[in-house]
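# Coordinate analysis (summary)
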Amino acid sequence: MNSIGTNFGNSSSRKADDVKDTSRAWSALTRFRDEACQFFKEREPLVECGLVALLSNSHLFILGPPGTAKSMLAQTIAGGIGGASYCYSMMHKFITWRDLACGEVIVNEEQCGGRKSIRFRNTEGALVRAHFIFLDELFKASAATNNSILNLLEERIYSINPGEISKAPLLMAVGASNEMPSSGEDQLRAFADRFLLWYEVNYVGVSDENNTAFIDMLAETGAPPSCELTLEDVLYLRSEAQK
């Protein structure tokens, strides 16, 4: 009987702690959303798409002209989470997977049985070590480069040395482009499908007496939103969302 009572007490304590953790993490997330929606004028749906992608273990694709705060939104979400790392990559037709994923090359000279050999080993670059990545001009890279990124996006795994597969800490990727690929570039369209959430953004509307968003944006002097949300909070909220 005492054992049953003790187990019941421990269970109640754990439930109380879970409720407390959920309340604190959700409050921090809500504050961040409110501050971000206030800072980014006419971007409330985009902010919410970013947070939905974050909590649902998905990626976000943003289509829109230059100067519409696409990269700033991704950087702000990453900057609002304590302990999170961020990587920005500008895609172009000459960039390769090695350029994106690898850092410095370590060169070792080895001797075995009277024979010398030189071994080259790639180190991890910023892309595969980041919790948040922003792939700007997503469709400018070659199909081969995009195919090399698929495992990172889908499985959160990568390989930079032959025969070695590592786990990436990636939480969310944001891809952006000023335009969609042409109808003949089916491989690029298939790659874009790896981004579950899509959002098309336009310039902030011209201000008038009923809409002062543009004037408010020019007058904005505050810092981008920040909050007390941590990586542990994000992982906890993700696990709660999956229940």
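The paragraphs below set out a description of the structure included in this document. (Residues numbered from 1 in each chain as written. Predicted model: local features only at pLDDT ≥ 70, side-chain atom pairs only at ≥ 80, totals over all residues. Heavy atoms only, no water.)

### Overview of the nonpolar core
Inclusion rule: Grouping buried Ala, Val, Leu, Ile, Met, Phe, Trp, Tyr and Cys residues that are joined through side-chain atoms within 4.5 Å yields what is termed a nonpolar core. Only protein chains enter the calculation, and the probe is 1.4 Å; a residue is then buried if its accessible area is under 20% of its type maximum, exposed if over 50%, and partly exposed in between. A contact between two residues is defined here by any heavy atoms of the two lying within 4.5 Å.
In this structure, Leu54, Leu60, Phe132 and Met172 are the most contacted members of the largest nonpolar core, which totals 34 residues. Apart from the residues within four sequence positions on either side, Leu54 is in contact with Ile77, Ile81, Phe132, Leu171, Met172, Val234 and Arg238. Counting residues in each nonpolar core, the second largest holds 30 residues, with Cys87, Ile95, Phe139 and Leu153 among its members.

### Observations concerning the packing of aromatic side chains
To keep things clear, this is the line we draw: Pairing of aromatic side chains here covers Phe, Tyr and the six-membered ring of Trp, requires ring centres within 6.5 Å, and sorts the geometry by plane angle: under 30 degrees stacked, over 60 edge-to-face, intermediate tilted. To qualify as a helix, a DSSP run of H or I must reach at least 4 residues; to qualify as a strand, a run of E must reach at least 2; elements of each kind are numbered from the N terminus.
This model, assessed by the stated rule, comprises six aromatic pairs. An angle of 10 degrees between the planes, with centres 5.7 Å apart, marks the rings of Tyr88 and Phe134 as stacked. Placement of the pair is Tyr88 in strand E3 (residues 86–90) and Phe134 in strand E6 (residues 132–136), with a sequence separation of 46 residues. For Phe134, a relative accessible area of 1% puts it in the buried group.

### Side note on the environment of Ser177
The topology assignment puts Ser177 in strand E9 (residues 172–177). The sequence separation of Ser177 and Glu137 amounts to 40 residues, and the corresponding C-alpha distance is 4.5 Å.

### Quick notes on helix H6 (residues 143–154)
Under the convention used in this document: To estimate how far a helix should reach, multiply one less than its number of residues by 1.5 Å.
Taking 1.5 Å per residue as the helical rise, H6 with its twelve residues ought to reach 16 Å, and the 16 Å between its terminal C-alpha atoms agrees with that figure. Within the span of H6, buried status applies to Thr145, Asn146, Ile149, Leu150, Leu152 and Leu153. Where the residues of H6 are buried, they touch helix H4 (97–101), helix H5 (126–129), E6, strand E7 (157–158), E9 and helix H7 (186–192). Directly after H6, the chain includes Arg156, whose backbone phi takes a positive value near 60 degrees.

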